[in-house]
Amino acid sequence: MIDYLSLQKVTAMHHDEIMDAVARVVDSGWYLQGEANERFETDYARYIGTTHCVGCANGLDALMLIFRAYKEMGVMADGDEVIVPANTYIASILSITDNGLKPVLVEPWVSTLEINETLIEEAITDRTRAILLVHLYGRNAWTPGIQDLCERWHLKLIEDNAQAQGCGNSKFKIQNSKLADADEFSTSCGDSTDIMRHSKLADADEFSTPCGDSTDIMRHSKLADADEFSTPCGDSTDIIRHSKLAGAGEYAMENIQDDATSHATQPAAESIPQCNHNSQLSILNCQFPRTGSLGHAAAHSFYPGKNLGAMGDAGAVTTNDAELARMVRAMGNYGSTEKYVFPYLGRNSRLDEIQAAVLSVKLKYLDEDNLRRKQIANYYYANINHPDIYLPGKMEWEIASPMAGRADCRDEDCIYHIFPVLSSHRNQLQQHLREHGIGTMIHYPIPPHKQHCYAGWNALSLPITEHIHQCELSIPCNQTMTDGEVEEVVRQVNAFRPKR
Ligand SMILES: *Cc1c(COP(=O)(O)O)cnc(C)c1O
């Protein structure tokens with residue numbers, strides 16, 4: 001039996017370390033807002049690449065607290081509009097309606113399943129205050145066009161990063177941008193080869209990615225200035241400027257070689273991977289800024305099944321805005337700024353010490369886990385071959401159809417929280433895999449606008465979103481899978497024969 005996701009197996013990978021961390025909290029006698037919380041907030045802010053992280057009770061609260069804080073700060077008011085993808089988990093939309101704001105649903109691309117940037121502008125009105133960008137399925141949904149829109153219309157860019165912890169953004173563009181501070185965007189170098197070297201699924205060649213336009217963008221932007229782009233590895237700009245290859249793949253490989261020496265001096269068990277250009281520590285998979293650091297604020301969920309999962313509910317907000325961070329922290333702590341002083345009407349949404357301690361342990365392995373997911377995904381892309389099954393987000397050069405739109409998902413831009421396939425025989429495919437011992441899930445069977453709780457929208461027609469919900473099937477893709485299991489999934493998917 002191949003489970004869709006066994007949390008027992010996920011925990012077993014670091015069982016003793018997790019138990020020790022939990023035991024330390026239990027024995028400390030301090031269960032809320034203590035050292036473990038402070039440490040995780042520091043670790044996670046550095047990992048994501050923001051100056052602030054505020055822990056809270058779950059991912060939905062993280063989203064809600066951002067909107068609530070903006071309302072308290074006078075940035076948004078009742079009835080203001082927030083643009084959000086129609087194809088998302090309901091929590092994204094609940095956080096908007098819960099705050100008396102109005103969600104404006106925008107269709108996704110079929111090729112990436114992420115929001116279609118060309119449809120955003122027509123959805124903007126004089127009440128629009130924000131775009132809630134959802135990195136659904138663990139795919140980076142950010143595009144330079146979305147950033148341009150936010151700047152042009154003075155919108156807040158808020159990320160729902162619940163499904164994308166550790167995801168990179170290889171598409172960044174730095175051009176006279178307010179959001180884009182070159183300092184914030186420069187990152188440390190990666191070291192993604194070690195893990196690949198040890199797996200037979202991992203062919204380093206297959207793993208290197210197409211030379212996309214990220215280097216082009218760098219070449220033409222002020223980032224291409226050696227001083228601004230300098231990283232702990234030192235000469236990455238030199239590599240870009242002087243390399244005849246000048247491609248993202250080669251750029252990564254050069255950095256990895258560079259990094260091999262510095263890596264040796266770091267004890268692996270102590271290194272929290274982080275996205276911080278001041279860091280001397282080795283980083284896995286962080287040649288690019290990370291999702292969760294791309295906009296004005298981001299919400300993260302550590303629901304147990306997420307790529308970085310707690311042993312219960314947990315969440316966080318990351319931001320570079322000190323005032324917003326302060327307000328989010330206050331709103332999640334009864335609206336208080338100091339003990340028994342309440343300037344705001346808040347709620348209670350805090351990250352407890354046990355969850356924080358567990359998350360600090362698991363954060364150390366997140367890049368490694370994500371890399372294993374990428375290997376599996378790439379194996380699926382290379383080997384699933386079926387006329388009735390469409391693999392969204394397959395490498396961009398393979399996508400030509402105008403219907404598919406722009407596919408801009410590369411390896412750096414996916415952490416495969418979910419590996420979705422689309423088939424018009426979805427239910428039969430799920431049945432077939434079940435009969436052959438393979439667990440699957442549907443993300444999601446009913447789109448938010450067809451749900452009972454949003455009865456007023458049920459008549460809306462959002463055909464691409466509805467199509468995705470009718471055809472989507474998530475096949476197993478996680479770090480606990482063996483090569484044999486991955487091969488078996490491919491065999492059974494390819495062996496599927498729909499009854500017509
Ligand atoms: C899981 C999830 C949330 C909510 O997180 P919780 O911690 O379960 O509250 C929000 N948005 C998306 C896209 C999610 O997948």
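As a reminder, the structure under discussion sits directly above these lines.
Computed from a prediction, not measured in an experiment: that's the story for all the values here.

Comments concerning unusual backbone geometry
Point 1. With omega at 10°, the peptide bond leading from His443 into Tyr444 counts as cis.
Point 2. With respect to the helices and strands, the residue Tyr444 is situated in the loop between helix 17 (426–435) and helix 18 (463–471).
Point 3. Its identity is not glycine, yet Leu113 carries a phi of approximately 70°, on the positive side.
Point 4. Take Leu113: it is sitting in the loop between strand 3 (102–106) and strand 4 (128–134).
Point 5. A positive phi is found at Tyr137, a non-glycine position, where the angle reads about 65°.

So, the environment of His436
Point 1. The topology assignment puts His436 in the loop between helix 17 and helix 18.
Point 2. Look at His436 and you get partly exposed, because its relative accessible area is 38%.
Point 3. Separated by 435 residues in the primary sequence, His436 and Met1 have C-alpha atoms spaced 8.0 Å apart.

A look at the site of the ligand
Point 1. All residues in the neighbourhood of the ligand are listed as Asn58, Gly59, Leu60, Tyr89, Ala91, Val134, Asp160, Ala162, Gln163, Ser301, Tyr303 and Lys306.
Point 2. The side chain of Asp160 places a nitrogen or oxygen atom 2.8 Å from a nitrogen atom of the ligand.
Point 3. One nitrogen or oxygen atom from the side chain of Ser301 is found 2.6 Å from an oxygen atom belonging to the ligand.
Point 4. Look at the ligand: alone it shows 380 Å² of surface, and the protein chains cover 91% of it.
Point 5. Looking at side-chain class alone, the shell around the ligand contains six nonpolar, four polar and two charged residues.

Overview of the packing of aromatic side chains
Point 1. What the rule picks out here adds up to ten aromatic pairs.
Point 2. Ring geometry for Tyr381 and Tyr416: centres 6.3 Å apart, planes at 65°, overall edge-to-face. Residue Tyr381 is located in helix 16 (residues 366–383), and its partner Tyr416 is located in the loop between helix 16 and strand 8 (419–422); the two are separated by 35 residues in the primary sequence. Both residues of the pair, Tyr381 and Tyr416, count as buried.
Point 3. Taken together through their ring pairs, the aromatic side chains of Phe40, Tyr44, Tyr47 and Phe302 make up a single cluster.
Point 4. Directly above the ring of Tyr47 sits Arg290, whose terminal nitrogen or CZ lies 3.8 Å from the centroid.

Structural notes on helix 15 (residues 353–363)
Point 1. Burial analysis of helix 15 places ten of its eleven residues in the buried class, which makes it a mostly covered element.
Point 2. Every buried residue of helix 15 is listed here: Glu353, Gln355, Ala356, Ala357, Val358, Leu359, Ser360, Val361, Lys362 and Leu363.
Point 3. Along its buried surface, helix 15 packs onto helix 1 (7–12), helix 2 (15–28), helix 3 (35–48) and helix 16.
Point 4. Capping the start of helix 15, Asp352 holds a side-chain oxygen 3.0 Å from the backbone nitrogen of Ile354, two or three residues further along.

Calculation rules
Residues numbered from 1 in each chain as written. Predicted model: local features only at pLDDT ≥ 70, side-chain atom pairs only at ≥ 80, totals over all residues. Heavy atoms only, no water. Helix = DSSP H or I, 4+ residues; strand = E, 2+ residues; numbered from the N terminus. Buried < 20%, exposed > 50% of the residue type's maximum accessible area, 1.4 Å probe, protein only. Near = heavy atom within 4 Å. Polar contact = N/O pair within 3.5 Å; in protein donor to acceptor, adjacent residues only side chain to side chain. Areas by Shrake-Rupley, 256 points an atom, 1.4 Å probe, with all protein chains shown as cover. Nonpolar A, V, L, I, M, F, W, Y, C, P; charged D, E, K, R; others polar. Phe/Tyr/Trp six-rings, centres within 6.5 Å; stacked < 30°, edge-to-face > 60°. Lys NZ or Arg CZ within 6 Å of the ring centre and 35° of its normal. Contact = heavy atoms within 4.5 Å.

Keep in mind these values describe shape, not function.
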